[in-house]
Amino acid sequence: MTTPVAVHSGPYAGSTLHLPTRHEKERVLAPLCAARLGATLVVVADLDTDALGTFTREIPRPSDQLETARRKAMLALERTGGQLGLGSEGAFGPGPYGLATWNVELLVFIDRTRSIEVIGTASGPGLHVHGLVRERSELDLLIARAGFPDHGVVVRPDGPSDPRITKGIRSRAALDEAFDAARRSSSSGAVFVENDLRAHMHPSRMAMIERAGIDLFDRLARCCPACGSPGFGRVGSIPGLPCSSCGMPTNEPAADVDGCVRCGHRVETRRPTDVGADPSRCPYCNP
Ligand SMILES: [Zn+2]
Ligand SMILES: [Zn+2]
């Protein structure tokens, strides 16, 4: 990643954003915020966002990912009395094309002064290995796939919803101790082990949060050509790029669409057609 020179102008230069996190997300977001907006990111440390749901299933998620991120941003504003709030929420689920695990990171930014909400996103293959193990040899295979010890793991007896949980394990000694204890207290002799999905325990997730931050801060640095509001960026695409072989329209994007979060102004940018879509994407050449 290239680091842009410090920003001393722009809509958010010199301002303060409030981020509630207990999982060190500021490690990646604060430098980006400074470099791309010239703004300061302040952690709202005493806010317990776990009340909005956790990755480790003790507290079920009350609402979807976007709504949870939005509520975190709102809580930050209520607590601090500030004007700019940022909420972060991640999810791991089944991926497209049959990929096992997909990580989606959302950042919701709320500007109370301008009454706008801007969303930054990033997604890609994610690391969420989990399984029931009984023997040390099975444990070793699982943690190797889980990226341990760079990635932390969570251990509990019997199954994924057992409340007797040991989180944040990142050393072999701590793992052995937690594994033995869980096996002793297990009714089945099995121990459930999985990646600890909290950002500070999961460097690949932290990297995805950084990508979502780049998306968000780039949107905040762009202003709408119609109304001047910050938060102008890509909102979609229009299909129809001609096939490079037969010239018929395909579902590949023919144009990108940028939009404004405040006034709804849209700008279409046609993609160059001199190369065209790959015939493997063409419903006529490759039905
Ligand atoms: Zn074709
Ligand atoms: Zn606008």
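Below you will find a few notes about this structure. (Residues numbered from 1 in each chain as written. Chains lettered and ligands numbered in written order. Predicted model: local features only at pLDDT ≥ 70, side-chain atom pairs only at ≥ 80, totals over all residues. Heavy atoms only, no water.)

### Quick notes on the pattern of salt bridges
The tally for this structure, following the rule as stated, stands at 21 salt bridges. Note that glutamate 117 and arginine 70 form a salt bridge whose closest N and O atoms lie 2.6 Å from each other. Within this pair, whereas glutamate 117 is found in strand S5 (residues 116-125), its partner arginine 70 is found in helix H2 (residues 65-80), the two being separated by 47 residues in sequence. Look at glutamate 117 and you get partly exposed, because its relative accessible area is 26%. Classification of arginine 70 as partly exposed rests on a relative accessible area of 22%. Close ionic contact of glutamate 105 with arginine 205 constitutes a salt bridge, the shortest N to O distance being 2.6 Å. Here glutamate 105, found in strand S4 (residues 102-111), pairs with arginine 205, found in helix H5 (residues 203-221); they are 100 residues apart in sequence, far enough to count as distant. (Salt bridge = Lys/Arg side-chain N within 4 Å of Asp/Glu carboxyl O. Helix = DSSP H or I, 4+ residues; strand = E, 2+ residues; numbered from the N terminus. Buried < 20%, exposed > 50% of the residue type's maximum accessible area, 1.4 Å probe, protein only.)

### Observations concerning the sheet that holds strand S12 (residues 266-270)
Taken in spatial order, the three strands line up as S10-S11-S12 in an open sheet, and their pairing is antiparallel. This sheet does not close on itself; its edge strands, each paired only once, are strand S10 (232-239) and S12. Ignoring strand direction, the axes of neighbouring strands in this sheet form an average angle of 25°. In this sheet, S12 lies alongside strand S11 (residues 253-260) in antiparallel orientation, the contact comprising five bridges. Considered in S12, the bridge of valine 257 is made with glutamate 268. (Pairing = 2+ DSSP bridges. Axes fitted to C-alpha atoms, helices over the stretch in contact; angles between N-to-C directions.)

### What to know about the pairing of strand S9 (residues 191-195)
Side-chain direction in a regular strand flips from residue to residue, so the side chains alternate between the two faces of the sheet. Counting buried residues in S9 gives five out of five residues, a clear majority hidden from the surface. Bridge analysis of strand S6 (residues 130-133) against S9 gives four bridges, and the strand direction is antiparallel. Following the sheet pairing, histidine 130 is matched in S9 by glutamate 194.

### What to know about the coordination of the zinc ion (ligand 1)
Around the zinc ion (ligand 1), the protein supplies Cys243 (SG), Cys246 (SG), Cys282 (SG) and Cys285 (SG) as donor atoms, at distances of 2.2 to 2.4 Å. When the donor residues of the zinc ion (ligand 1) are listed from N- to C-terminus, their spacing reads C-x2-C-x35-C-x2-C. Residue cysteine 246 is located in the loop between S10 and S11, and its partner cysteine 285 is located in the segment after S12; the two are separated by 39 residues in the primary sequence. Judged by its relative accessible area of 35%, cysteine 246 falls in the partly exposed class. (Donors = N, O, S within 2.8 Å, 3.2 Å for Na, K, Ca; no water.)

### Some thoughts on the coordination of the zinc ion (ligand 2)
The protein atoms that coordinate the zinc ion (ligand 2) are Cys224 (SG), Cys227 (SG), Cys260 (SG) and Cys263 (SG), at distances of 2.3 to 2.4 Å. Around the zinc ion (ligand 2), the four donor atoms sit at angles spanning 104 to 114°, and that spread fits a shape best called tetrahedral. Counting along the primary sequence, the residues that act as donors to the zinc ion (ligand 2) give the motif C-x2-C-x32-C-x2-C. Within this pair, whereas cysteine 224 is found in the loop between H5 and S10, its partner cysteine 263 is found in the loop between S11 and S12, the two being separated by 39 residues in sequence. Residue classification places cysteine 224 among the buried positions, given a relative accessible area of 4%. (Tetrahedral: all angles 85-135°; square planar, octahedral: opposite > 155°, others 65-115°.)

### Overview of the packing of aromatic side chains
Scanning the model with the defined rule gives one aromatic pair in all. Here the aromatic rings of tyrosine 12 and phenylalanine 109 are separated by 5.3 Å at their centres, their planes lie at 75°, and the arrangement is edge-to-face. Remark: phenylalanine 109 occurs in strand S4 and tyrosine 12 occurs in the segment before strand S1 (16-19); sequence separation between them is 97 residues. Residues tyrosine 12 and phenylalanine 109 agree in their burial class; the two are buried. (Phe/Tyr/Trp six-rings, centres within 6.5 Å; stacked < 30°, edge-to-face > 60°.)

### Focus: the environment of histidine 18
Counting through the fold element by element, histidine 18 comes out in strand S1. Residue classification places histidine 18 among the buried residues on the basis of a relative accessible area of 13%. Counting along the chain gives 22 residues from histidine 18 to threonine 40, while the straight-line C-alpha distance between them is 8.7 Å. The residues touching histidine 18, leaving out its near neighbours within four places in the chain, are Val42, Val44, Ala76, Thr80, Gly82, Leu84, Gly85 and Leu86. (Contact = heavy atoms within 4.5 Å.)

### Section: the sheet that holds S6
The four strands are arranged S6-S9-S7-S8 in an open sheet whose pairing can be described as antiparallel. The two strands at the open ends of the sheet, each matched to only one other strand, are S6 and strand S8 (166-169). Ignoring strand direction, the axes of neighbouring strands in this sheet form an average angle of 20°. Pairing analysis gives five bridges linking strand S7 (residues 153-157) to S9, with the strands arranged antiparallel. Following the sheet pairing, valine 154 is matched in S9 by glutamate 194. Across the sheet, helix H3 (residues 136-145) lies against S6 and S9, angled at about 170° from S6, the strand it touches most.

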